[in-house]
Amino acid sequence: KQEVTQIPAALSVPEGENLVLNCSFTDSAIYNLQWFRQDPGKGLTSLLLIQSSQREQTSGRLNASLDKSSGRSTLYIAASQPGDSATYLCAVPITGTASKLTFGTGTRLQVTL
Amino acid sequence: GAVVSQHPSRVICKSGTSVKIECRSLDFQATTMFWYRQFPKKSLMLMATSNEGSKATYEQGVEKDKFLINHASLTLSTLTVTSAHPEDSSFYICSARSPSGVGYEQYFGPGTRLTVT
């Protein structure tokens with residue numbers, strides 16, 4: 001059974017810092033890995049999708065890497081801003097599927113002025 | 001990017017009544033949609049897969065008679081919580097996979113906050 005873990009559970013950094021969020025999964029046979037952002041009481045915004053054949057994806061100040069063999073992904077946020085404050089979730093498809101997602105526990109990020 | 005909407009955004013109902021939540025893909029057709037549930041300070045749990053033109057498939061532990069799913073068209077899936085009880089209070093979120101999305105990327109609705117009193 002696929003299990004996804006994210007560390008740290010919460011993180012507070014001053015504005016301008018670079019930071020790394022970690023995601024690990026138990027079954028390396030995945031189609032892809034997706035990073036999402038969730039603001040309090042809101043739905044999910046897709047940030048980055050990494051295919052199983054890819055090692056990283058970049059979008060603006062965000063860079064996500066994927067190491068399937070070790071079951072790990074990282075989300076790197078450069079030059080953090082207060083607007084980046086949110087919960088970040090990673091998700092991978094349930095083993096044997098391409099679309100049914102299982103989510104990590106999330107990292108709650110607070111960027112302070 | 002692809003947009004998914006949900007209605008209502010929040011609903012309060014009395015115990016024993018039924019509540020319907022709609023999930024729409026606004027600018028694409030989705031043969032498959034997914035329903036998730038999120039408890040406070042917890043992550044999302046997949047409840048069921050909604051298939052256009054056929055029955056939904058439910059994850060283990062999810063009561064299909066309690067959570068009725070109907071995928072009426074290629075842009076609309078509905079979740080009906082029947083005979084709701086306070087323990088059904090939760091945040092319900094739907095998602096859909098856009099056919100134009102690369103590699104099964106999913107797009108999520110804004111969620112529906114259900115409170116059963």
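This one's a predicted model, so the numbers in the text were calculated from it and none came from an experiment.

Parameters at a glance
- Residues numbered from 1 in each chain as written.
- Chains lettered and ligands numbered in written order.
- Predicted model: local features only at pLDDT ≥ 70, side-chain atom pairs only at ≥ 80, totals over all residues.
- Heavy atoms only, no water.
- Pairing = 2+ DSSP bridges.
- Helix = DSSP H or I, 4+ residues; strand = E, 2+ residues; numbered from the N terminus.
- Axes fitted to C-alpha atoms, helices over the stretch in contact; angles between N-to-C directions.
- Contact = heavy atoms within 4.5 Å.
- Buried area = accessible area lost by both parts, 1.4 Å probe.
- Salt bridge = Lys/Arg side-chain N within 4 Å of Asp/Glu carboxyl O.
- Polar contact = N/O pair within 3.5 Å; in protein donor to acceptor, adjacent residues only side chain to side chain.
- Nonpolar A, V, L, I, M, F, W, Y, C, P; charged D, E, K, R; others polar.
- Buried < 20%, exposed > 50% of the residue type's maximum accessible area, 1.4 Å probe, protein only.

The next subject is the sheet that holds strand 7 (residues 62–67) of chain A. Residue and element names in this part refer to chain A. Strand order across the open sheet formed by five strands is 1-3-8-7-6, with antiparallel pairing between neighbours. Every interior strand has two partners, whereas the edge strands, strand 1 (4–7) and strand 6 (56–59), have only one. Strand-to-strand, the axes of this sheet are offset by a mean angle of 15°, without reference to chain direction. Where strand 7 lies against strand 8 (residues 72–77), six bridges are found, and the strand directions are antiparallel. Bridged to Leu-62 within strand 8 is Ile-77.

Quick look at the interface of chain B and chain A now. Residue-level contacts link 20 residues of chain B with 21 residues of chain A. In total, about 1,600 Å² of surface goes out of reach between chain B and chain A, with carbon and sulfur atoms giving 55% of it. The interface formed by chain B and chain A contains one salt bridge. Note that B:Glu59 is salt-bridged to A:Lys100, the shortest N-O span being 3.1 Å. Across the chain B-chain A interface, the total number found is eight residue pairs in polar contact (both at pLDDT 80 or more). Among the residues making up the side of chain B that touches chain A, the classes are represented as 10 nonpolar, six polar and four charged.

The next thing to look at is the environment of B:Ile21. Residue and element names in this part refer to chain B. Turning to its location among the elements, Ile-21 is positioned in strand 3 (residues 19–25). Each C-alpha atom, one on Ile-21 and one on Thr-112, is 7.4 Å from the other, the two residues being 91 residues apart in sequence. Beyond its immediate chain neighbours, meaning those up to four positions away, Ile-21 contacts Gln-6, His-7, Pro-8, Trp-35, Ser-77, Thr-78, Leu-79, Tyr-92 and Thr-112.

Next up on the list: the pairing of strand 3 (residues 19–25) of chain A. All names here are of chain A. The alternating pattern of strand 3 places Leu-19, Leu-21, Cys-23 and Phe-25 on a buried face, while none of Val-20, Asn-22 and Ser-24, on the opposite face, is buried. Where strand 1 meets strand 3, four bridges bridge the pair, whose relative direction is antiparallel. Paired with Gln-6 across the bridge in strand 3 is Cys-23. Pairing geometry for strand 3 and strand 8, over six bridges, is antiparallel. Its bridge partner lying in strand 8, Leu-19 is registered against Ile-77.

This next bit is on the sheet that holds strand 7 (residues 67–73) of chain B. Residues and elements named next belong to chain B. The four strands are arranged 1-3-8-7 in an open sheet whose pairing can be described as antiparallel. Taken across any chain shown, the strands that pair with only one partner, and hence form the sheet edges, are strand 1 (4–7) and strand 7. If you compare each strand with its neighbour and ignore which way they point, the axes differ by 20° on average. Examined bridge by bridge, strand 3 and strand 8 (residues 76–81) share six bridges and lie antiparallel to one another. Bridge pairing in strand 8 places Val-19 opposite Val-81.

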